[in-house]
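Tertiary structure, described
Listed below are the residues making up each chain.
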Amino acid sequence: PYWHATYWNNTSLSGAPVHRQTVDRIDHNWGYGAPHPAVAVDRFSARWTRIVDLPAGAYRFTATGDDGIRVYVNGRAIIDEWQVQSAQTFTVEYTLPAGHHQFIVEYFEQTGVAVARFSWSPVTPAPHRST
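For clarity, every value in this text was computed on a predicted model and none was experimentally measured.

Turning our attention to the overall build of the protein. In terms of helices and strands, the protein carries zero helices and 10 strands. Element order for the protein, N to C, with α for helix and β for strand: β-β-β-β-β-β-β-β-β-β. Oriented by its inertia axes, the alpha-carbon framework of the protein measures out at about 60 × 30 × 20 Å. Within the span of the protein, comprising 131 residues, buried residues form 40% of the whole. For the protein, the share of sequence-separated contacts (at least 6 apart) that also reach a separation of at least 24 residues comes to 71%. Per element, the accessible surface of the protein, about 7100 Å² overall, is 50% carbon and sulfur.

Printed below as a string of structure tokens:
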């Protein structure tokens, strides 16, 4: 149930990573700091990867980024907000078959405050009302 996190000292997720770690969730507000002493406080990027086993159904995916954030499910971009921005939250509903699914969250920090958050939950069907 862990995310494999990789960090780079550039905004393009390129070259040799400067740090790797395992985290239990993506819920970070580093303020004007960095995820780790090896990571620069500005102009860094991160990628979190995880395999999740889910029942079939519709899911609500929510990502918050200051600055850019992208979410991929099974290789398909479902949230792509890769730009310099203050903290913004993006939500999308996406239906998945039962089974294993790869989630990848990518993030970059330009300057200032660094925030990266991601979560998902099943979409609760509307209650049935008889007339």
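Turning to the environment of Tyr 94, a few remarks are in order. Assignment of secondary structure puts Tyr 94 in strand β8 (residues 88-96). For the pair Tyr 94 and Ile 104, spaced 10 residues apart in sequence, the C-alpha to C-alpha distance is 15 Å. Once residues lying within four places of it in the same chain are set aside, the contact partners of Tyr 94 are Gly 57, Ala 58, Tyr 59, Phe 61, Val 73, Arg 76 and Ile 78.

Let's shift gears to the pairing of strand β4 (residues 44-54). Note that strand β1 (residues 3-8) and β4 share five bridges and pair antiparallel. Bridging from a neighbouring strand, Thr 6 pairs with Arg 47 of β4. Sheet topology note: the β4/strand β9 (residues 99-109) ladder contains 11 bridges and is antiparallel. Paired with Val 52 across the strands is His 101, a residue of β9.

Another aspect to go through is the nonpolar core. Among the nonpolar cores identified, the biggest contains 29 residues, and Trp 3, Trp 48, Phe 61, Phe 103, Val 105 and Phe 118 are the most heavily contacted of them. Here the element with the most residues in this core is β4; it accounts for five residues. Discounting chain neighbours no more than four positions away, the residues touching Phe 61 are Val 73, Ile 78, Ile 79, Phe 90, Thr 91, Val 92, Tyr 94, Leu 96, Phe 103, Phe 118, Ser 119 and Trp 120.

The full count for this structure, using the stated rule, is five salt bridges. The closest approach of N and O atoms between Arg 25 and Asp 24, which form a salt bridge, is 3.5 Å. Note on Asp 24: relative accessible area 45%, which makes it partly exposed. What emerges from the salt-bridge pattern is a single network uniting Arg 47, Arg 70 and Glu 106.

Quick look at the environment of Trp 82 now. Mapped onto the elements of the fold, Trp 82 is located in the loop between β7 (76-81) and β8. A relative accessible area of 26% means that Trp 82 is categorised as partly exposed. Those residues in contact with Trp 82, other than ones at most four positions away along the chain, are Thr 11, Leu 13, Gly 68, Ile 69, Arg 70, Glu 106, Tyr 107 and Phe 108.

A word on unusual backbone geometry. The backbone of Leu 13 shows a phi angle near 55°, a positive value even though the residue is not glycine. For Leu 13, the position within the fold is in the loop between β1 and β2 (19-23). In this model, Asn 74 sits at a positive phi of 50°, which is unusual for a non-glycine residue. Turning to its location among the elements, Asn 74 is positioned in the loop between β6 (68-73) and β7. Classification of Asn 74 by relative accessible area gives partly exposed; the value is 43%.

Parameters and conventions
Residues numbered from 1 in each chain as written. Predicted model: local features only at pLDDT ≥ 70, side-chain atom pairs only at ≥ 80, totals over all residues. Heavy atoms only, no water. Helix = DSSP H or I, 4+ residues; strand = E, 2+ residues; numbered from the N terminus. Buried < 20%, exposed > 50% of the residue type's maximum accessible area, 1.4 Å probe, protein only. Contact = heavy atoms within 4.5 Å. Areas by Shrake-Rupley, 256 points an atom, 1.4 Å probe, with all protein chains shown as cover. Pairing = 2+ DSSP bridges. Core = buried A, V, L, I, M, F, W, Y, C linked by side-chain atoms within 4.5 Å. Salt bridge = Lys/Arg side-chain N within 4 Å of Asp/Glu carboxyl O.

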